[in-house]
Amino acid sequence: MILGTIVKGIGGFYYIDTNDGIVECKARGHFRSKNMTPYVGDKVHISLNADNTGNIDEILPRLNSFIRPPVANIEELIIVASVQNPEPDLTFIDKMLAIAYNSNVNVKICFNKIDLDDGKVNDLVAMYSNAGYTAFITSTTENIGIDKVRELISGKVSAFSGFSGVGKSSLLNAVTQEKIMETGEVSERLRRGKHTTRHVELIKFNGGYIVDTPGFSMLDFPKEITKDMLKECFPEFAKYEDNCKFRDCNHTGNASVCGVCRAVENGEIALSRYNNYKSFYSALSQRKEWKK
Ligand code: GDP
Ligand code: ZN
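Owing to the predicted nature of the structure, the values given are computational and were not obtained by experimental measurement.

K.L.:
Please provide a residue-by-residue account of the coordination of the zinc ion (ligand 2), values included.
P.N.:
Octahedral metals with six donors have ideal donor angles of 90 or 180 degrees. Tetrahedral metals with four donors have an ideal donor angle of 109.5 degrees. Looking at the zinc ion (ligand 2), the protein donor atoms are C244 (SG), C249 (SG), H251 (ND1) and C258 (SG), and they sit 2.1 to 2.4 Å from it. What the 4 donor atoms of the zinc ion (ligand 2) show is an angle range of 103 to 114 degrees at the metal, which sorts the shape as tetrahedral. Positions of the donor residues of the zinc ion (ligand 2), expressed as sequence spacing, correspond to C-x4-C-x1-H-x6-C. The burial state of C249 is the same as that of H251; both residues are buried.

K.L.:
Break down the side chain of R150 for me, citing the residues and quoting the values.
P.N.:
The topology assignment puts R150 in helix α4 (residues 146–153). Setting aside its immediate chain neighbours within four residues, R150 contacts A174, V175, Q177, F205 and N206.

K.L.:
Can you explain the packing of aromatic side chains? Please cite residues and give values.
P.N.:
Applying the stated criterion across every chain yields a total of 10 aromatic pairs. With centroids separated by 6.4 Å and ring planes inclined at 55 degrees, the aromatic side chains of F237 and Y274 adopt a geometry described as tilted. One end of the pair, F237, is in the loop between β13 (208–211) and α7 (259–265); the other, Y274, is in helix α8 (residues 271–286), and 37 residues separate them in sequence. Here F237 and Y274 have matching classes, each one buried. An aromatic cluster is defined as three or more aromatic residues linked by ring pairs; in this entry it consists of F221, F234, F237, Y274, Y277, F280 and Y281.

K.L.:
Help me get a handle on the packing of α4 against helix α5 (residues 168–176), residues and values and all.
P.N.:
The contact between α4 and α5 brings their axes to 9 Å, and the two run at 80 degrees. What the angle tells us is that α4 and α5 run roughly perpendicular. Along its contact with α4, which presents I146, V149, R150 and I153, the element α5 presents L171, A174 and V175.

K.L.:
Outline the environment of E24, listing residues and values.
P.N.:
Its place among the elements puts E24 in strand β3 (residues 21–27). You can call E24 partly exposed: its relative accessible area is 32%. Expressed as a C-alpha distance, the spacing of E24 and N52, which sit 28 residues apart in the sequence, is 8.1 Å. In contact with E24, other than residues within four places in its own chain, are F13, Y14, Y15, T53 and G54.

K.L.:
Any details on the site of ligand 1? Residues and values, ideally.
P.N.:
Around ligand 1, 19 residues are found, and the nearest of them are D115, T140, G165, S169 and S170. At 2.7 Å, a side-chain N or O of D115 approaches a nitrogen atom of ligand 1. Contact distances for ligand 1 include 3.5 Å between an oxygen atom and a side-chain N or O atom of S139. Contact with the protein chains covers 84% of the free accessible surface of ligand 1, which is 580 Å². Broken down by element, the shell around ligand 1 gets its largest block of residues, 3 residues, from α5. When grouped by side-chain class, the residues that make up the shell around ligand 1 number 3 nonpolar, 11 polar and 5 charged.

K.L.:
How would you summarise the sheet that holds strand β10 (residues 134–137) if you had to cite specific residues and measurements?
P.N.:
With mixed pairing, 6 strands are arranged side by side in an open sheet as β10-β9-β8-β11-β13-β12. The sheet is open, and its two edges are formed by β10 and β12 (202–205), each paired on a single side. The average undirected angle you get between the axes of adjacent strands in this sheet is 25 degrees. Helix-sheet contacts for helix α2 (residues 90–102) involve β8 (76–82), β9 (106–112) and β11 (157–161), and the interaxial angle to β8 is about 175 degrees. Packed onto the sheet, α5 meets β8, β9, β11, β12 and β13 and runs at close to 145 degrees relative to β11.

K.L.:
Quick rundown of unusual backbone geometry? Include the residues and the values.
P.N.:
Residue P69 follows R68 across a cis peptide bond; omega there is -5 degrees. With a phi angle near 65 degrees, N73 is a residue other than glycine that sits in the positive phi range. Residue position: N73 is located in the loop between β7 (71–72) and β8. Within the chain, N85 stands out as a residue other than glycine whose phi angle is a positive 50 degrees. Tracing the backbone shows N85 in the loop between β8 and α2. Classification of N85 by relative accessible area gives exposed; the value is 56%.

K.L.:
Break down the pattern of salt bridges for me, with residues and values.
P.N.:
In this structure the tally under the stated criterion is 11 salt bridges. When the shortest N-O distance is used, the salt bridge between E76 and K156 registers 3.0 Å. Linking E76 in strand β8 with K156 in the loop between α4 and β11, this pair joins segments that are 80 residues apart in sequence. Residue K227 is joined to D228 by a salt bridge in which the shortest nitrogen-to-oxygen separation is 3.5 Å. Residue classification places D228 among the partly exposed residues on the basis of a relative accessible area of 41%. Look at the salt bridges and you will find they share partners, linking E76, K108 and K156 into a network.

What counts, and where the lines are drawn
- Residues numbered from 1 in each chain as written.
- Chains lettered and ligands numbered in written order.
- Predicted model: local features only at pLDDT ≥ 70, side-chain atom pairs only at ≥ 80, totals over all residues.
- Heavy atoms only, no water.
- Donors = N, O, S within 2.8 Å, 3.2 Å for Na, K, Ca; no water.
- Tetrahedral: all angles 85-135°; square planar, octahedral: opposite > 155°, others 65-115°.
- Buried < 20%, exposed > 50% of the residue type's maximum accessible area, 1.4 Å probe, protein only.
- Helix = DSSP H or I, 4+ residues; strand = E, 2+ residues; numbered from the N terminus.
- Contact = heavy atoms within 4.5 Å.
- Phe/Tyr/Trp six-rings, centres within 6.5 Å; stacked < 30°, edge-to-face > 60°.
- Axes fitted to C-alpha atoms, helices over the stretch in contact; angles between N-to-C directions.
- Parallel < 35°, antiparallel > 145°, perpendicular 65-115°, else oblique.
- Near = heavy atom within 4 Å.
- Polar contact = N/O pair within 3.5 Å; in protein donor to acceptor, adjacent residues only side chain to side chain.
- Areas by Shrake-Rupley, 256 points an atom, 1.4 Å probe, with all protein chains shown as cover.
- Nonpolar A, V, L, I, M, F, W, Y, C, P; charged D, E, K, R; others polar.
- Pairing = 2+ DSSP bridges.
- Salt bridge = Lys/Arg side-chain N within 4 Å of Asp/Glu carboxyl O.

These results come straight from atomic positions and should not be treated as a statement about function.
Encoded structure:
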């Protein structure tokens, strides 16, 4: 029995990284009967055939799994935004943070392009630190903060998420000191992208792996996140909840009955975080219940 990690899957074959190198494997049929598809990132037990190909015998329990891209066992999710060009999209950041909270993954926010900062990046970092998150700054052109990212992802499976153009590919190239990603203008890449099929792949780096899909995004809330548990995905609300008049308060009322609303009025909770909470809450309220 050999332990390994699925680093790539193409056309029914899986490539497993083991202590003795990469082994090409097939999955045994019983995964299908259990309704389980091997994902890139899965830790697996394999057995070897005489010709040095192998079979996946068992998928070990997952820490987490994602659909876009299909990948499992992400330990560190780094949301990348740029301070300028494009402007940071706080709704995207807050949504990713909420989803990550629910997915058992460490999440951090990276504000890139700080060489273009016109003075607001400190406020952004402070706002997210206040909310209980780790936020840090980088510039790939000025080589700022790159060592810190390298240290952060060493020995772990990490993924980078963010809109096109914020500098994720540049960041990954700087961190790995290799050209593992194509960088460039958005329109040019979209044009090229049309003719290439991409498979998600784990790239080995410093004792860990990097998910090679730089646009890692989970734009819809998973069905596990209901409107009533959304507030738990905003960790900074917790300490004000005792001040709410009703125990099951969803913090969408007003300051006379809601401690969270009062904290927003006092400036203790960031207004943009709260507004995003309310808009996600309203979207989740309208979502049709999933059929069993
Ligand atoms: P991606 O779409 O997120 O992968 O972004 P890219 O890495 O392709 O970068 C998009 C554009 O931003 C490119 O023109 C990069 O040269 C530029 N860029 C990336 N990082 C920085 C940075 O730290 N500062 C500045 N000024 N430009 C950057
Ligand atoms: Zn409340």
